[in-house]
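Here are the chains, one letter per residue:
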Amino acid sequence: MTTTHTLKALSKALLLATGCLTASAVFADQKTPEQLYPPLTSDVLPELAAKGSYSVGVQTLDLINPAQFDPATQGEKDRPLKVEVWYPAANSANAPLTSYSDITRTGKAFTLQADAMRDVAINNKEHYPVIVLSHGYTGYRTIMYYLGEHLASHGYIVAAIDHTDSTNADVDFKNAPFSGFFSTLINRSRDQQFVLNYFNEQNNFASKQVDNKSAGIIGYSMGGFGAVNTIGGCYDFNEQTTAMFTGIKDPAQIKHVQQLLNSCAGGQYKNPQVDTRIKAMVAFAPWGGQHNLFNASAMQNIKVPSLYVAGSLDDISGYEGIKNLYNQTGSTDKYLLTYKNARHNIAPHPAPAIAQSSSELDIGHYYEPSWSMRTLNETNKHFALAMMDCHVKGITSQCEYLDLPQNGDQAVVNGKPLPAWHGFDNRFSTGMDWQQAKPRTK
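Since the structure is predicted, the reported quantities are computational estimates derived from the model, not experimental observations. (Residues numbered from 1 in each chain as written. Predicted model: local features only at pLDDT ≥ 70, side-chain atom pairs only at ≥ 80, totals over all residues. Heavy atoms only, no water.)

## Focus: the sheet that holds strand S8 (residues 278-284)
Next, step 1: Read across the sheet, 11 strands follow the order S3-S4-S1-S2-S6-S5-S7-S8-S9-S10-S13 without closing on themselves; strand pairing throughout is mixed. Edge positions in the open sheet fall to strand S3 (97-103) and strand S13 (432-436), since each of these has one partner strand only. If you compare each strand with its neighbour and ignore which way they point, the axes differ by 25 degrees on average.
Next, step 2: The pairing of strand S5 (residues 128-134) with strand S6 (residues 157-162) spans five bridges and is parallel. Paired with Ser134 across the two strands is Ile161, which belongs to S6.
Next, step 3: Those strands touched by helix H2 (residues 145-153) are strand S1 (56-70), strand S2 (75-88), S3, strand S4 (109-118), S5, S6, strand S7 (210-220) and S8, and its axis lies near 55 degrees from that of S2.
Next, step 4: Relative to S1, helix H3 (residues 181-201) is tilted by about 125 degrees, and along the sheet it contacts S1, S2, S5, S6, S7 and S8. (Pairing = 2+ DSSP bridges. Helix = DSSP H or I, 4+ residues; strand = E, 2+ residues; numbered from the N terminus. Axes fitted to C-alpha atoms, helices over the stretch in contact; angles between N-to-C directions. Contact = heavy atoms within 4.5 Å.)

## Some thoughts on the state of the cysteines
Next, step 1: Under the criterion given, the structure shown has two disulfides.
Next, step 2: Two residues share a disulfide in this structure: Cys234 and Cys264, whose sulfurs sit 2.2 Å from each other. Disulfide Cys234-Cys264: the torsion about the S-S bond is -70 degrees, which places it as left-handed. One end of the pair, Cys234, is in the loop between helix H4 (222-230) and helix H5 (239-246); the other, Cys264, is in the loop between helix H6 (251-261) and S8, with 30 residues separating them in the sequence. Both residues of the pair, Cys234 and Cys264, belong to the buried class.
Next, step 3: Between the sulfur atoms of Cys390 and its disulfide partner Cys399 the distance amounts to 2.0 Å. Linking Cys390 and Cys399, the disulfide has an S-S dihedral of approximately 95 degrees and is accordingly described as right-handed. (Disulfide = S-S within 2.5 Å. Buried < 20%, exposed > 50% of the residue type's maximum accessible area, 1.4 Å probe, protein only.)

## So, the environment of Phe428
Next, step 1: Tracing the backbone through its elements, the reader meets Phe428 in the loop between strand S12 (416-417) and S13.
Next, step 2: C-alpha of Phe428 to C-alpha of Pro272: the two residues are 156 residues apart in sequence and 43 Å apart in space.
Next, step 3: Among residues more than four places away in sequence, those in contact with Phe428 are Asp43, Val44 and Gln410.

## Remarks on the packing of aromatic side chains
Next, step 1: Per the counting criterion, the structure on display carries 27 aromatic pairs.
Next, step 2: Where Tyr54 meets Tyr128, the ring centres are 5.8 Å apart and the plane angle is 85 degrees; that geometry is what we call edge-to-face. With Tyr54 in the loop between helix H1 (3-15) and S1 and Tyr128 in strand S5, this residue pair connects regions lying 74 residues apart in the sequence.
Next, step 3: Both rings, one in Tyr339 and one in Trp371, keep their centres 5.1 Å apart while their planes meet at 65 degrees; by these two values the pair is edge-to-face. Linking Tyr339 in strand S10 (residues 334-339) with Trp371 in the loop between helix H10 (360-363) and helix H11 (373-392), this pair joins segments that are 32 residues apart in sequence.
Next, step 4: Its relative accessible area of 0% is what places Tyr339 among the buried residues.
Next, step 5: The ring of Tyr156 is capped by Lys393, whose NZ or CZ atom sits 4.2 Å from the centre of that ring. (Phe/Tyr/Trp six-rings, centres within 6.5 Å; stacked < 30°, edge-to-face > 60°. Lys NZ or Arg CZ within 6 Å of the ring centre and 35° of its normal.)

## A short note on the environment of Gly233
Next, step 1: Residue placement: Gly233 occurs in the loop between H4 and H5.
Next, step 2: In this structure Gly233 touches Val228, Cys264, Phe294, Met299 and Ile302, once residues within four positions along its chain are discounted.

## Concerning unusual backbone geometry
Next, step 1: In the segment running from Tyr137 into Thr138, the intervening peptide bond is cis, with an omega of -10 degrees.
Next, step 2: Relative to the assigned elements, Thr138 resides in the loop between S5 and H2.
Next, step 3: Of note in this structure, Ser221 is not a glycine but carries a positive phi near 60 degrees.
Next, step 4: Of note, Ser221 is situated in the loop between S7 and H4.

## Concerning the packing of H2 against H11
Next, step 1: Where H2 meets H11, the axes come as close as 10 Å, and the angle between the chain directions of the two elements is 45 degrees. By the angle between their directions, the pair H2 and H11 is classed as oblique. Read as a crossing pair, H2 and H11 show a hand that is right-handed. Across from Tyr146, Leu147, His150 and Leu151 in H2, the residues of H11 making contact are Asn377, Asn380, Lys381, Ala384, Leu385 and Met388.
Next, step 2: Residues that form the contact of H2 with H11 fall into these classes: six nonpolar, three polar and one charged. (Parallel < 35°, antiparallel > 145°, perpendicular 65-115°, else oblique. Left-handed = near helix turned anticlockwise from the far one by under 90°. Nonpolar A, V, L, I, M, F, W, Y, C, P; charged D, E, K, R; others polar.)

Everything listed here is a matter of geometry and, on its own, says nothing about what the molecule does.
Structure follows, in structure tokens:
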């Protein structure tokens with residue numbers, strides 16, 4: 001398959017990637033933030049989707065990672081990164097709830113209602129692990145804001161990155177959809193590690209409250225591609241895949257770029273060492289496994305507890321590719337959650353109204369044909385918190401939510417349905433499968 005043909009095929013697949021349709025109408029007053037999560041009774045939600053005991057603060061930071069390789073110039077350049085940070089707010093914090101503004105893939109602006117207060121003081125009663133949150137290609141730092149707010153309400157500092165060259169604002173997805181792909185391949189894991197280092201090692205508003213011994217990472221699609229690398233899944237591009245995903249044709253340059261791409265654990269090359277602070281990883285629909293872009297031996301040496309989340313019909317990252325990543329991962333504690341009949345967009349927030357009234361290029365970033373995005377989001381909140389509480393904070397009782405039978409459909413045996421998954425009410429774990437490395441304890 002030629003490079004041109006492959007890029008066109010991947011372009012078509014990306015255009016068909018889907019996410020979430022809500023019932024909200026287009027707002028007459030565009031200044032009014034959209035509420036994507038109206039109240040919903042807890043009777044139908046998994047237990048760990050409930051909001052935590054902390055009010056949530058949020059700040060936007062502009063960071064600079066100095067002297068990074070720039071694919072556009074083939075030289076070094078300071079790399080700017082905008083980061084949205086959610087955190088437990090001080091008990092005295094009393095400010096209006098803020099909002100998040102961004103644009104769709106075709107550049108249509110929208111504003112979403114937040115459940116967080118802008119720029120309030122951090123709660124100084126505890127120390128909180130940092131969780132890095134990494135979007136896909138393309139995306140934006142608030143595309144999983146529901147996870148950022150949720151984890152912060154349970155005592156985490158969540159840092160979500162706008163990956164430069166890889167956001168909706170950076171990429172003309174209609175006319176030049178792969179303009180930022182080379183940068184994404186090189187920088188995704190580097191960005192994640194840089195942001196984690198910043199909060200743990202540099203002076204910032206949360207410095208005194210960071211638990212600098214424990215951290216986690218969550219990535220979606222290309223964010224998952226980076227997250228697997230960050231925990232030790234070294235890249236293994238060959239000459240063909242290097243040419244395929246960079247568009248480079250010169251053989252000498254292909255070999256040079258191949259060496260550049262094959263880094264590990266945040267940009268390391270010789271004897272890479274995974275950051276020992278990282279205690280858990282969640283990868284939603286991680287890309288790359290379908291193209292064998294990870295070194296099999298390195299994958300077997302991964303020790304970080306890992307949760308892979310996939311749609312059984314994912315045609316962007318490939319369900320078989322995601323399963324291969326799960327199977328190759330050497331972690332003693334590893335899990336695979338499958339949303340049956342879901343495609344690729346299992347992680348974004350529901351579609352804003354402007355995307356619903358636009359083209360497939362916009363709604364296709366959010367829409368899932370067989371699933372409610374609200375259901376996916378609430379379930380993601382449940383399992384992400386279970387992973388972080390169990391493996392990052394070491395709360396052993398939370399590990400029970402990760403010890404499940406394979407099928408959540410509660411098949412009827414002898415006239416009675418099998419028990420529901422732990423944390424789910426009767427009949428509300430349907431449509432999901434679960435795999436885990438350790439045998440069930442119950």
